[in-house]
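Coordinate inspection notes
Each chain, letter by letter, is given below.
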Amino acid sequence: MKYRRVEYPRYVPEAFRGLYAISEGLHRGRLGEELLLLVFQRVSQVNGCAFCLDMHAAALRKGGIEPRKLDTLAAWRDSRFFDAREGAALAWAEALTTLPSAAPDDAVYEALAAHFDEHEIAELTMAVATINAWNRLGVGLQPVLP
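Just so it is clear, the structure is predicted and the values come from calculations on it, not from any experiment.

1. Points about the overall build of the chain
- Regarding its fold elements, the chain presents eight helices and zero strands.
- Overall, the chain shows an N-to-C arrangement of helices and strands of α-α-α-α-α-α-α-α.
- Relative to its length of 146 residues, the chain is compact, with a C-alpha radius of gyration of 15 Å against a globular reference of 15 Å.
- Seen through its C-alpha atoms, the chain measures out along the principal axes to roughly 45 × 35 × 30 Å.
- For the chain, with 146 residues in total, the buried portion stands at 41%.
- Restricting the contact set of the chain to residue pairs at least 6 apart, pairs at least 24 apart contribute 67%.
- The distance from the centre of the 16 positive side-chain charges to the centre of the 19 negative ones in the chain is 10 Å.

This is the structure:
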């Protein structure tokens, strides 16, 4: 893979492998591949990571997502293609990605807890943290799109 700036896997291979291992573990988790990728895609939209947007959109298409669902992800609150569980996950992902100077509102967490158990909340929160890390690497060090 080419990079416009620093080829970070070359200089911090152990950290890169560790972050990759976290990602792989999340893909084997309980959230389900489509929801995980929707969260990754939405967080990447918020962060403006072109590399991750390209990669996760391709994976969602390959997985058979309804094209209109993918097309309206940025406006998921107004789209009829997202159910309450997905909406709760996306709201949590956005709240954690755009952290103000305090924790996300209790209402956002309560909506999440209505659809996810503690294991799934922990997994979802780890997924948001992980994609935010990848986005910062992608936006900051700019791997070239394949």
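Back to the write-up after that little detour.
2. Describing the packing of aromatic side chains
- Counting across every chain of the model gives five aromatic pairs.
- Summarising the aromatic geometry, the rings of Tyr-3 and Tyr-8 are spaced 5.4 Å apart at their centres and angled 75 degrees between planes, so their arrangement reads as edge-to-face. Comparing Tyr-3 with Tyr-8, the two get one shared label, buried.
- Aromatic pair Phe-16 and Tyr-20: ring centres 6.4 Å apart, planes at 25 degrees, arrangement stacked. Of this pair, Phe-16 and Tyr-20 both sit in helix α2 (residues 13-27), four residues apart, roughly one helical turn.
- Owing to a relative accessible area of 26%, Phe-16 belongs among the partly exposed residues under this scheme.
- We classify Tyr-20 as partly exposed; its relative accessible area is 44%.
- Linked through ring pairs, Tyr-3, Tyr-8, Phe-16, Tyr-20 and Trp-134 together constitute an aromatic cluster.

3. Things to note about the side chain of Ser-79
- Within the secondary structure, Ser-79 sits in the loop between α5 (67-71) and α6 (84-97).
- Here the side chain of Ser-79 touches Thr-72 through a polar contact of 2.8 Å, side chain to side chain.

4. Section: the environment of Lys-69
- Turning to its location among the elements, Lys-69 is positioned in helix α5.
- With residues near it in sequence (within four places) discarded, Lys-69 still touches Glu-34, Leu-38, Phe-81, Phe-82 and Glu-86.

5. A look at the state of the cysteines
- All chains considered together, the criterion is met by zero disulfides.
- Distance from the sulfur of Cys-49, which forms no disulfide, to the nearest cysteine sulfur (Cys-52) is 3.4 Å.
- On the basis of relative accessible area, Cys-52 is assigned to the buried category, the value being 5%.

6. Some points on the environment of Met-126
- Among the structural elements, Met-126 can be located in helix α8 (residues 118-141).
- Once the C-alpha coordinates of Met-126 and Trp-76 are considered, the two residues, 50 residues apart in sequence, prove to be 21 Å apart.
- When sequence neighbours within four positions are dropped, the list of residues in contact with Met-126 reads Ile-22 and Leu-26.

About the thresholds
- Residues numbered from 1 in each chain as written.
- Predicted model: local features only at pLDDT ≥ 70, side-chain atom pairs only at ≥ 80, totals over all residues.
- Heavy atoms only, no water.
- Helix = DSSP H or I, 4+ residues; strand = E, 2+ residues; numbered from the N terminus.
- Rg over C-alpha atoms; globule rule 2.2 N^0.38 Å.
- Buried < 20%, exposed > 50% of the residue type's maximum accessible area, 1.4 Å probe, protein only.
- Contact = heavy atoms within 4.5 Å.
- Lys, Arg positive; Asp, Glu negative; His and termini not counted.
- Charge placed at Lys NZ, Arg CZ, Asp CG, Glu CD.
- Phe/Tyr/Trp six-rings, centres within 6.5 Å; stacked < 30°, edge-to-face > 60°.
- Polar contact = N/O pair within 3.5 Å; in protein donor to acceptor, adjacent residues only side chain to side chain.
- Disulfide = S-S within 2.5 Å.

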